[in-house]
Amino acid sequence: MTISADHSAPRTDPGSAPDQAHGLPAENAVTEAVRKFGITVEDYMLPARHQIQMVDPEGRLLAEGEQGTEPGHEYPLPGDEELLAAYEQLVVGRRVNDQNSALVRQGRMAVYPSSHGQEACQVAAALCLSDGDWLFPTYRDAVAVMTRGVDPVQTMTIFRGDWHSGYNPARHKVGIQCTPLTTQLLHAVGVAHAAKLRGEDTVVMAMCGDGATSEGDFHEALNFAAVFHLPVIFFVQNNKYAISVPLSHQSVAPSLAHKAVGYGMAGERVDGNDVVALLAVLDRAVALARGGSGPLLVEANTYRMQAHTNADDATRYRRESEVAEWLAKDPISRMRTYLTGRGLLDDDGAIRIAAKAEAVAAQLREGLGEDVPVDPQELFRHVFSVPTPQLQEQAALLADELAREASPEEPAK
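Here the residue index of a chain counts from 1 through its sequence in written order. Since the coordinates come from a predicted model, pLDDT governs what is reported: local features require at least 70, and pairs of side-chain atoms require 80 or more to be given and counted, while whole-chain, interface and lining totals use all residues. Side-chain figures throughout are based on the complete set of non-hydrogen atoms in the structure, without hydrogens or water.

A short note on helix H13 (residues 347–369)
- The terminal C-alpha atoms of H13 lie 32 Å apart, and with 23 residues this matches the ideal 33 Å at 1.5 Å per residue to within 8%.
- Turning to H13, its buried residues number three or more, namely Gly-349, Ile-353, Ala-357, Val-360, Ala-361, Leu-364, Gly-367 and Leu-368.
- Check the buried side of H13 and you find it contacts helix H3 (80–105), helix H5 (142–147) and helix H6 (152–156).
- N-capping of H13 is provided by Asp-346, with a side-chain oxygen placed 3.3 Å from the backbone N of Asp-348. Only runs of H or I of at least four residues qualify as helices and only runs of E of at least two qualify as strands under DSSP, and these elements are numbered from the N terminus. To estimate how far a helix should extend, the number of its residues minus one is multiplied by 1.5 Å. Exposure classes here rest on a 1.4 Å probe applied to the protein chains alone. A residue is buried below 20% of its type maximum, exposed above 50%, and partly exposed in between. What makes two residues a contact is simply this: any of their non-hydrogen atoms within 4.5 Å. Think of a polar contact as two N or O atoms within 3.5 Å of one another; within protein, one of them needs to be a possible hydrogen donor and the other a possible acceptor, and neighboring residues in sequence only count if both atoms come from side chains.

Digging into the nonpolar core
- Among the nonpolar cores identified, the biggest contains 67 residues, and Met-156, Met-205, Ile-233, Phe-235 and Met-335 are the most heavily contacted of them.
- Among the elements that line this core, the one with the most residues is helix H10 (residues 275–290), at 12 residues.
- Val-189, Cys-208, Val-236 and Met-265 belong to the second largest nonpolar core, which has 26 residues in total. By nonpolar core is meant a set of buried Ala, Val, Leu, Ile, Met, Phe, Trp, Tyr and Cys residues that side-chain atoms within 4.5 Å join together.

Brief notes about the pairing of strand S7 (residues 296–301)
- Across the 6 residues of S7, 6 count as buried, placing the element largely inside the fold.
- Of the two faces of S7, both are covered, the one formed by Leu-296, Val-298 and Ala-300 as well as the one formed by Leu-297, Glu-299 and Asn-301.
- Strand pairing is defined by DSSP finding a minimum of two bridges between the two strands. One ladder, built from 6 bridges, connects strand S3 (residues 232–238) with S7; its direction is parallel. Pairing of Ile-233 across the sheet is with Leu-296, part of S7.
- Where strand S6 (residues 266–271) meets S7, 6 bridges bridge the pair, whose relative direction is parallel. When the sheet's bridge partners are listed, Asp-271 is paired in S7 with Asn-301.

Observations regarding the side chain of Glu-70
- Note on placement: Glu-70 falls in the loop between helix H2 (41–45) and H3.
- Here Arg-49 takes part through its side chain, which lies 2.9 Å from a polar atom of the side chain of Glu-70.

Examining unusual backbone geometry
- Positive phi, normally seen in glycine, also occurs at Lys-173, with a value near 55°.
- Position of Lys-173 relative to the elements: it lies in the loop between helix H7 (169–172) and helix H8 (183–197).
- With relative accessibility at 24%, the residue Lys-173 sits in the partly exposed group.
- One non-glycine residue, Lys-240, lies in the positive phi region at around 80°.
- Topologically, Lys-240 is positioned in the loop between S3 and strand S4 (241–242).

What to know about the environment of Trp-326
- With respect to the element layout, Trp-326 can be found in helix H11 (residues 320–327).
- Taking relative accessible area as the criterion, Trp-326 reaches 12% and is therefore assigned buried.
- On a C-alpha basis, the gap between Trp-326 and Gly-117 in space is 8.5 Å, while along the polypeptide they are 209 residues apart.
- Setting aside residues no more than four positions away along its own chain, Trp-326 makes contact with Lys-240, Asn-273, Asn-301, Thr-302, Tyr-303 and Met-305.

Some words on the pairing of S6
- Among the 6 residues of S6, 6 are classified as buried, and the element is accordingly described as predominantly covered.
- Side chains of S6 alternate between two faces, with Ala-266, Glu-268 and Val-270 and Gly-267, Arg-269 and Asp-271 buried alike.
- Consider the strands pointing away from the viewer: the crossover is right-handed when the path from the first strand over the helix to the second runs clockwise. For the crossover from S6 across H10 to S7, the handedness is right-handed.

Some details on the packing of aromatic side chains
- Paired rings are identified among Phe, Tyr and Trp, the last through its six-membered ring, by centres lying within 6.5 Å, and are further divided according to the angle between planes into stacked (under 30 degrees), edge-to-face (over 60) and tilted (the rest). All chains considered together, the criterion is met by 5 aromatic pairs.
- Judged by centre distance (5.6 Å) and plane angle (85°), the ring pair of Tyr-112 and Phe-159 falls under edge-to-face. Note that Tyr-112 is positioned in the loop between H3 and helix H4 (119–127) and Phe-159 in the loop between H6 and H7, a separation of 47 residues in sequence.
- Its relative accessible area of 5% is what places Tyr-112 among the buried residues.
- Judged by its relative accessible area of 7%, Phe-159 falls in the buried class.
- Note on criteria: charge over ring means Lys NZ or Arg CZ within 6 Å of the ring centre, with the direction from the centre no more than 35 degrees off the ring normal. Between Arg-284 and the ring centre of Tyr-75, over which it is positioned, the NZ or CZ distance is 5.2 Å.

Here we look at the sheet that holds S7
- Spatially, 5 strands are ordered S1-S2-S3-S7-S6 in an open sheet, and the strand pairing comes out parallel. In this open sheet, the two edge strands, each paired with only one partner strand, are strand S1 (134–136) and S6. Each strand axis lies, on average, 20° off the axis of its neighbour in the sheet, ignoring direction.
- Note that S1 and strand S2 (residues 204–209) share 3 bridges and pair parallel. Paired with Trp-134 across the two strands is Val-204, which belongs to S2. Helix axes are fitted to C-alpha atoms over the stretch in contact, other axes to C-alpha atoms as well, and angles between N-to-C directions run from 0 to 180 degrees.

Remember that the coordinates give geometry; whether it matters functionally is a separate question.
Below, the structure is given as structure tokens:
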């Protein structure tokens, strides 16, 4: 991780030749940072020797010397208001995850990739962004989308099979959740590049999982962002499995954050179940990117407590003892203990937050319980702006079939 939130990207002198990205190439930008702060290239780009953790699984604030920080990797404690807001979203997110799993069993949702256990990553990724920033989620990041301000029912519309999404991406500055792996990273760097060319003060949060780091799109997105020195944070939620494939079968790098150095950007590791550390690391990453430090890669070590989706049998590839080990690291109980111990959360506050979570769950039950009229002709209306002759022919055949079903012929006498 780079040094300070006010570290701006170096610019060319008036008489020198600027590159296509209106600044120095990434290699020169890194060299300039090393010269300015008196550190080595390795210290600039490599993650800290230990992951950043501020609150342990028992809810205790660690001493500064135990938090994994070191020169160039120093993080202030987030403010109390930010921590309380994060806890509220954690509780809401957990209730939403459990409610949606029930709605799948009831047939009200086709599928739901639960983020139960990963809510700290989801919440921190959304809360660290400003209104003008963009979030590009994965299919598992519905809680992040909601935390960004998207209506819960609109967020979940995609999982019941209605349309492509229930919300306007441009309005909320949230990309569409989709199942193709890693494609959202390319969209993220495209938005960041456009914003930079327009001179906009925009930071892009590009979320992905550990499985995405094995895809070619991951390489292309990171390389493009580094070469053009774009304000993108690549946030990898390492939940240890790409469906059923363990991380050990995907990479033998010391960590996924170490991949950053290969592209010429800074990397960091953080406890993905410690929302305090996540907020500290991501808040600073956003400030660095906005200040001109270029892209950053943050790896959050977390765990998917439930199956990949409702169609998955997780018992076939992981042990119950492993799940129990991570259950003890639950981000919600950890945060609740920490806030209560500091006097920031009392019984009344906990009751209020729980009531809000129940209200959101009730909203989902009501909204997703409504039967939506289906128009089969929508299959053809939005494929091309001008329908092809083949699509017009298929639409006509379907219209004829629907008409015959609506008005069956009288049986022969």
